[in-house]
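Inside the fold
Chain by chain, the residues:
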Protein chains: 2
Amino acid sequence: MLLTDGTTKQLNCLAQVQPIRDALDVVGGKWKVLILTAIMQGNRRFREIETSIPKLNPKVLAKELKDLEEHQLIQRIVHDDYPVLIEYVATDYARTLKKVMLELHDWGVNHRKQVFGK
Amino acid sequence: MLLTDGTTKQLNCLAQVQPIRDALDVVGGKWKVLILTAIMQGNRRFREIETSIPKLNPKVLAKELKDLEEHQLIQRIVHDDYPVLIEYVATDYARTLKKVMLELHDWGVNHRKQVFGK
DNA sequence: CATTGCGCTTACGTTGAGGTAACTGCCTTC
DNA sequence: GAAGGCAGTTACCTCAACGTAAGCGCAATG
């Protein structure tokens with residue numbers, strides 16, 4: 001065991017927490033989960049997604065879609081017919097988030113009870 | 001089934017996502033997980049916590065501790081000896097976060113592989 | 001040929017999370 | 001009585017997220 005001094009322990013702790021922060025970066029923020037859910041529910045077109053989520057504006061949507069694509073959670077598909085048609089679909093990889101989302105959801109539901117409901 | 005029109009479906013989706021956002025609010029941000037972990041590892045005093053986390057400053061720590069206390073994840077204990085001594089301890093309730101953290105951690109570790117690794 | 005829809009982009013403004021530095025009141029130690 | 005530790009607070013600043021409004025190029029539609 002190397003955990004004999006404070007410094008090593010500290011570094012170890014930071015390393016342990018880093019993946020959690022990574023995950024939160026991907027899924028955190030005001031819109032990511034909402035947008036991903038909308039897409040998974042079958043909203044594929046830009047406007048469709050936009051109008052399916054109240055108060056979401058096109059500038060923010062465009063940026064969030066780019067982020068989600070970078071993280072390989074969605075795919076942007078361009079159909080070169082005329083008029084050009086663009087679709088966003090969730091990747092298989094995005095399904096790996098299911099367990100995480102479920103845990104977050106359950107904890108969130110329970111937390112509401114804990115803090116308000118008696 | 002009430003899910004016959006778009007509006008109902010939309011509201012339903014929003015409701016489903018809300019608990020996830022609640023959970024992310026509690027545990028999100030740059031410092032919360034780090035601070036909670038530090039406390040769980042046995043750092044109980046304000047200065048102790050502060051110095052155990054690099055780059056964390058007292059103003060932010062004070063605010064985050066208040067948040068965590070409001071959400072009942074930690075307890076602030078004042079020992080009225082002289083000199084006054086103050087301790088922060090994780091509540092039993094905070095342990096309920098373990099599964100969520102584990103899922104986030106595992107997903108985060110895997111995500112690093114997915115995005116960079118081969 | 002005006003309007004509408006699509007998939008955005010651009011220029012601007014606001015807000016809040018987080019950072020910096022200094023300082024406070026209280027107590028102990030040198 | 002100067003210095004230092006503890007548990008913060010205060011005033012000020014920065015920056016990125018997010019919001020608002022408008023517009024662009026293209027195609028279809030009336």
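Read on for a plain summary of the structure. This one's a predicted model, so the numbers in the text were calculated from it and none came from an experiment.

Calculation notes
Residues numbered from 1 in each chain as written. Chains lettered and ligands numbered in written order. Predicted model: local features only at pLDDT ≥ 70, side-chain atom pairs only at ≥ 80, totals over all residues. Heavy atoms only, no water. Contact = heavy atoms within 4.5 Å. Buried area = accessible area lost by both parts, 1.4 Å probe. Salt bridge = Lys/Arg side-chain N within 4 Å of Asp/Glu carboxyl O. Polar contact = N/O pair within 3.5 Å; in protein donor to acceptor, adjacent residues only side chain to side chain. Helix = DSSP H or I, 4+ residues; strand = E, 2+ residues; numbered from the N terminus. Nonpolar A, V, L, I, M, F, W, Y, C, P; charged D, E, K, R; others polar. Core = buried A, V, L, I, M, F, W, Y, C linked by side-chain atoms within 4.5 Å. Buried < 20%, exposed > 50% of the residue type's maximum accessible area, 1.4 Å probe, protein only. Near = heavy atom within 4 Å. Least-squares fit on C-alpha atoms with pLDDT ≥ 70 in both. Expected span 1.5 Å × (residues − 1). Arc of directions from axis to C-beta. Pairing = 2+ DSSP bridges.

Describing the interface of chain B and chain A
- Each partner contributes residues to the interface: chain B has 45 residues there, and chain A has 45 residues.
- Both sides together, the interface formed by chain B and chain A hides about 4,300 Å², and carbon and sulfur atoms give 66% of it.
- Along the contact surface separating chain B from chain A lie four salt bridges.
- Of the charged contacts in the structure, one is a salt bridge between Glu103(B) and Lys99(A), with a shortest N-O distance of 3.6 Å.
- For the pair chain B and chain A, the number of links is 13 residue pairs in polar contact (both at pLDDT 80 or more).
- Listed by contribution, the elements that provide at least two residues to the side of chain B that touches chain A are α1 (6-27), α2 (32-40), α3 (46-52) and α5 (98-115) of chain B.
- Looking at which element gives the most residues to the side of chain B that touches chain A, the answer is α1(B), with 15 residues.
- When its residues are assigned to classes, the side of chain B that touches chain A shows 22 nonpolar, 16 polar and seven charged.

Overview of the nonpolar core
- In terms of nonpolar packing, the biggest core is built from 62 residues, with Ile35(A), Leu73(A), Ile35(B) and Leu73(B) touching the most fellow members.
- When sequence neighbours within four positions are dropped, the list of residues in contact with Ile35(B) reads Ile49(B), Ile53(B), Leu56(B), Leu61(B), Glu64(B), Leu65(B) and Leu68(B).

Description of unusual backbone geometry
All names here are of chain A.
- With phi around 75 degrees, lysine 55 is a residue other than glycine that occupies positive phi space.
- Relative to the assigned elements, lysine 55 resides in the loop between α3 (46-52) and α4 (58-70).
- Even without a glycine there, the phi angle at glutamine 72 is positive, about 65 degrees.
- The residue glutamine 72 is located in the loop between α4 and β1 (74-79) in this model.

As for the pattern of salt bridges
- By the definition in use, this model includes 16 salt bridges over all chains.
- One connected set of salt bridges, linked through shared partners, spans Lys32(A), Lys63(A), Glu64(A) and Asp67(A).

A short note on the protein's contact with DNA strand D
- Around DNA strand D, the structure places 18 residues, and the nearest of them are Lys59(A), Arg45(B), Arg47(B), Arg76(B) and Tyr88(B).
- In DNA strand D, atoms within 4 Å of the protein come from the sugar-phosphate backbone in 55% of cases.
- In this structure, a phosphate oxygen belonging to DNA strand D sits 3.3 Å away from a side-chain N or O atom of Lys66(B).
- A distance of 2.5 Å separates a phosphate oxygen of DNA strand D from a polar side-chain atom of Tyr88(B).
- Contributing elements (two or more residues each) for the surface near DNA strand D: α4 of chain A together with α3, α4 (58-70) and β2 (85-90) of chain B.
- For the surface near DNA strand D, the leading source of residues is α4(B), giving four residues.
- Among the residues making up the surface near DNA strand D, the classes are represented as eight nonpolar, two polar and eight charged.

Here's the deal with the relation of the copies chain B and chain A
- Superposing chain B onto chain A requires a rotation of 180 degrees together with a translation of 0.0 Å along the rotation axis, leaving an RMSD of 0.1 Å. Taken together, the rotation and translation relating the two chain copies correspond to the operation of a two-fold axis.
- Taken as a fraction of all interface residues of chain B, those also at the interface in chain A reach 100%, which identifies the copy contact as same-surface.

Describing α4(B)
Residues and elements named next belong to chain B.
- Over its 13 residues, α4 runs 18 Å from end to end, which matches the ideal 18 Å to within 8%, given 1.5 Å per residue.
- For α4, the full list of buried residues reads Leu61, Glu64, Leu65, Asp67 and Leu68. For α4, the angular spread of the buried residues around the axis is 160 degrees, confining them to a single face. Within α4, the exposed residues directed more than 90 degrees away from the buried face are Lys59, Lys66 and Glu70.
- On its buried face, α4 sits against α2, α3, β1 (74-79) and β2.

Topic: the pairing of β1(B)
All names here are of chain B.
- As defined by bridge partners, β1 adjoins β2 across six bridges and the pair is classed as antiparallel. Residue pairing for β2: valine 78 is matched across the bridge by isoleucine 86.
- With antiparallel pairing between neighbouring strands as the criterion, β1 and β2 make up a hairpin whose turn holds five residues.

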